[in-house]
Amino acid sequence: MDTLETRELRYFVAVAEELHFGRAAERLGMAQPPLSRAIQQLERRLGVCLLERNRRGVGLTGAGEVLLQESRAALDAAAAAVRRTRRAGGADSPGGPRGRLVLAVKAAASHALLRKLLDAYAAEPDSAEIEVLPCGIREQEELLRDGRADVALMHTPWNSLAGFDSEALVAEGQVAVLPAGHPLAARETLSLADVRDVPGLPLARWPTRGTYAPGPGPEIHNQTQLAQLIALGRTVAVAPDSARSWLWAEHAAVPLADAPPVVTHIAWPAHSRSLALAGLVNTAARLWPGQNAER
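Residue indices begin from 1 for each chain and proceed along its sequence in written order. In view of the model being predicted, local features appear only for residues whose pLDDT reaches at least 70, and side-chain atom pairs are presented and counted only at 80 or more, with totals across whole chains, interfaces and linings using the full set of residues. Computation of side-chain values: all heavy atoms of the structure, hydrogens and water removed.

An unreviewed UniProt entry annotates the chain as LysR family transcriptional regulator of Kitasatospora herbaricolor. UniProt positions are given in the numbering used here, feature names are shortened, and annotations may be inferred rather than shown by experiment. In the Sequence similarities (unreviewed entry) part of its UniProt record, the chain is described as follows: "Belongs to the LysR transcriptional regulatory family."

Chemist: Pulling in residues and values, what's your account of the packing of helix α5 (residues 111-122) against helix α9 (residues 275-287)?
Modeler: Put simply, α5 and α9 touch, their axes get as near as 10 Å, and they point 120° apart. Regarding the angle of α5 to α9, the classification is oblique. In this structure, α5 crosses over α9, and the sense of that crossing is right-handed. In this structure, α5 uses Lys 116, Leu 117, Ala 120 and Tyr 121 to contact α9, whose residues at the interface are Ala 276, Gly 279, Leu 280, Thr 283, Ala 284 and Leu 287. Amino acids outside the nonpolar list (Ala, Val, Leu, Ile, Met, Phe, Trp, Tyr, Cys, Pro) and the charged list (Asp, Glu, Lys, Arg) are all regarded as polar, and Gly is one of them. Class assignment for the residues of the contact of α5 with α9 results in seven nonpolar, two polar and one charged. Orientation is described by lines fitted to C-alpha atoms, with helices fitted over the stretch in contact, and by angles between N-to-C directions that extend from 0 to 180 degrees. A run of H or I in DSSP becomes a helix once it reaches four residues, and a run of E becomes a strand once it reaches two; helices and strands are each numbered from the N terminus. Roughly parallel means an angle under 35 degrees; roughly antiparallel, over 145; roughly perpendicular, 65 to 115; everything else is oblique. A crossing counts as left-handed when the near helix is turned anticlockwise from the far one by less than a right angle, and as right-handed when that turn is clockwise. Two residues form a contact once any of their heavy atoms are found within 4.5 Å.

Chemist: Describe the side chain of Thr 235, naming the residues involved and giving the relevant values.
Modeler: Structurally, the position occupied by Thr 235 is in the loop between α8 (223-231) and β8 (237-240). As used in this structure description, the phrase polar contact means that two N or O atoms lie within 3.5 Å; if the pair is within protein, one of them must be able to donate a hydrogen and the other to accept it, and residues adjacent in sequence are counted only when both atoms belong to side chains. From its side chain, Thr 235 meets the backbone oxygen of Pro 202 in a polar contact 2.7 Å long. In terms of polar contacts, Thr 235 uses its side chain to reach the backbone amide nitrogen of Ala 204, at 3.0 Å. When residues no more than four places from it in sequence are discounted, the contact partners of Thr 235 are Pro 179, Leu 201, Pro 202, Leu 203, Ala 204, Pro 218, Leu 226, Leu 229 and Ile 230.

Chemist: Break down the side chain of Glu 141 for me, citing the residues and quoting the values.
Modeler: In this structure, Glu 141 sits in helix α6 (residues 140-145). The cut-offs for exposure are 20% and 50% of the maximum accessible area for each residue type, with area from a 1.4 Å probe on protein chains only; residues under the lower value are buried, those over the upper are exposed, and the others partly exposed. Overall, the relative accessible area of 12% leaves Glu 141 in the buried class. Not counting the four nearest positions on each side in its chain, Glu 141 is found in contact with Met 154, Ser 160, Phe 164 and Arg 209.

Chemist: Lay out the confidence of the model for the chain in plain terms, naming residues and giving numbers.
Modeler: For the chain, the mean per-residue pLDDT works out to 89, and 93% of the residues sit at or above 70. Each residue carries a pLDDT score, the predictor's own confidence in it, on a scale running from 0 to 100. Counting contacts from residues 91-95, a segment whose pLDDT is below 50, to residues more than four positions away or on other chains yields three contacts. Taken together, the stretch residues 291-295 has pLDDT below 50 and engages in 14 contacts with residues farther than four places along the chain or on a different chain.

Chemist: Pulling in residues and values, what's your account of the UniProt feature "domain: HTH lysR-type" (unreviewed entry) in the chain?
Modeler: Mapped onto this numbering, the UniProt entry annotates "domain: HTH lysR-type" (unreviewed entry) at residues 4-61. Annotation note: span residues 4-61, helix share 62%, strand share 14%, distance between end C-alpha atoms 19 Å.

Chemist: I'd love a proper account of the environment of Arg 10, names of residues and values included.
Modeler: Note on placement: Arg 10 falls in helix α1 (residues 6-18). Note on Arg 10: relative accessible area 42%, which makes it partly exposed. For the pair Arg 10 and Leu 28, spaced 18 residues apart in sequence, the C-alpha to C-alpha distance is 8.5 Å. In this view, Arg 10 contacts Leu 28 and Leu 75; residues no more than four positions away in its chain are not counted.

Chemist: Describe the environment of Thr 61, and please don't skip the residues or the numbers.
Modeler: Following the sequence through the fold, Thr 61 ends up in the loop between β2 (57-60) and α4 (62-89). Between the C-alpha atom of Thr 61 and that of Gln 40, which follows or precedes it by 21 residues, the distance is 14 Å. If sequence neighbours within four positions are ignored, Thr 61 has contacts with Cys 49, Leu 50, Leu 51 and Glu 52. A polar contact is formed between the side chain of Thr 61 and the backbone oxygen of Cys 49, at a distance of 2.6 Å.

Chemist: Could you give an account of helix α3 (residues 32-46), naming the residues involved and the relevant values?
Modeler: To estimate how far a helix should extend, the number of its residues minus one is multiplied by 1.5 Å. Spanning 15 residues, α3 covers 21 Å between terminal C-alpha atoms, matching the ideal 21 Å at 1.5 Å per step. Within the sequence span of α3, burial applies to Leu 35, Ser 36, Ala 38, Ile 39, Leu 42 and Glu 43. What you see down the axis of α3 is that its buried residues fit within an arc of 160°, all on one side. Away from its buried face by more than 90 degrees, α3 exposes Arg 37 and Arg 44. Taken from the residues just after α3, Gly 47 is the one with a positive phi, measuring 75°. Think of the arc as the fan of directions from the helix axis to the C-beta atoms.

Chemist: Any chance you could break down the packing of α1 against α3 for me, citing the residues and the numbers?
Modeler: Two elements in contact, α1 and α3, have axes whose closest approach is 10 Å; the angle formed by their N-to-C orientations is 110°. Between α1 and α3, the angle falls in the class roughly perpendicular. Contact with α1, carried on its side by Glu 8, Tyr 11, Phe 12 and Val 15, involves Leu 35, Ala 38, Ile 39, Leu 42 and Arg 45 of α3 and no other residues of that element. Classifying every residue of the contact of α1 with α3 gives seven nonpolar, no polar and two charged.

Next up, the structure:
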């Protein structure tokens with residue numbers, strides 16, 4: 001047995017996440033007995049025990065934990081395939097878009113870079129329609145993986161490029177974004193050590209895969225919230241130099257002399273064979289040949 005049905009994976013994920021057959025059956029909209037039989041049949045086919053069943057309830061075995069992780073990835077990939085296929089098929093339907101691409105960008109990313117890319121690509125023969133999908137902090141990776149986006153502008157060292165193909169475009173320095181009236185705002189440069197432990201002004205905390213590292217600083221959910229908290233003197237943030245474009249009068253940006261450069265990449269799923277996507281990537285590589293970006 002070397003194949004699994006998506007139905008079986010959905011059943012198993014529901015049970016593995018709920019650790020209760022009754023709740024899993026309710027979540028799936030089915031009766032409990034056929035769900036139990038389906039899981040037992042899956043274990044027989046695989047030849048391993050996936051769930052530990054006892055009086056205290058249901059738990060995952062080591063094999064079950066592996067299958068849960070793999071099942072989530074497989075179901076995400078299947079959902080992504082459906083989204084991308086339907087989007088590509090729109091070009092064949094009456095009134096459908098011609099080769100539409102969804103480009104995920106961080107909401108506060110450089111407007112000048114994005115505008116330059118969109119204008120240059122639109123001028124290309126047979127260019128596709130580009131739908132710009134602004135997203136929250138570090139969400140580009142998720143949007144690419146689940147098929148809601150075809151391509152993304154990513155920023156290292158903050159975004160992970162693992163599993164994607166990418167081209168480095170531009171590199172820029174980093175700045176500390178402070179309340180305009182703070183004493184550090186008058187400095188010509190700062191170090192990372194200068195802003196890590198400022199009394200009464202803790203560093204803002206950014207999410208990584210939906211979780212926040214421990215610390216005294218506020219948990220940041222979006223750019224507007226960050227701007228407000230900095231203006232109120234409640235936090236300080238480290239950001240790319242291009243963040244100056246969204247600063248308020250109540251903000252100050254001071255260069256960080258020892259911060260690593262932020263490199264903007266154009267990234268896409270490694271298995272993509274889209275000609276429209278290839279055209280967009282080629283346009284980006286031509287505009288920014290990478291001589292200023294660290295590879």
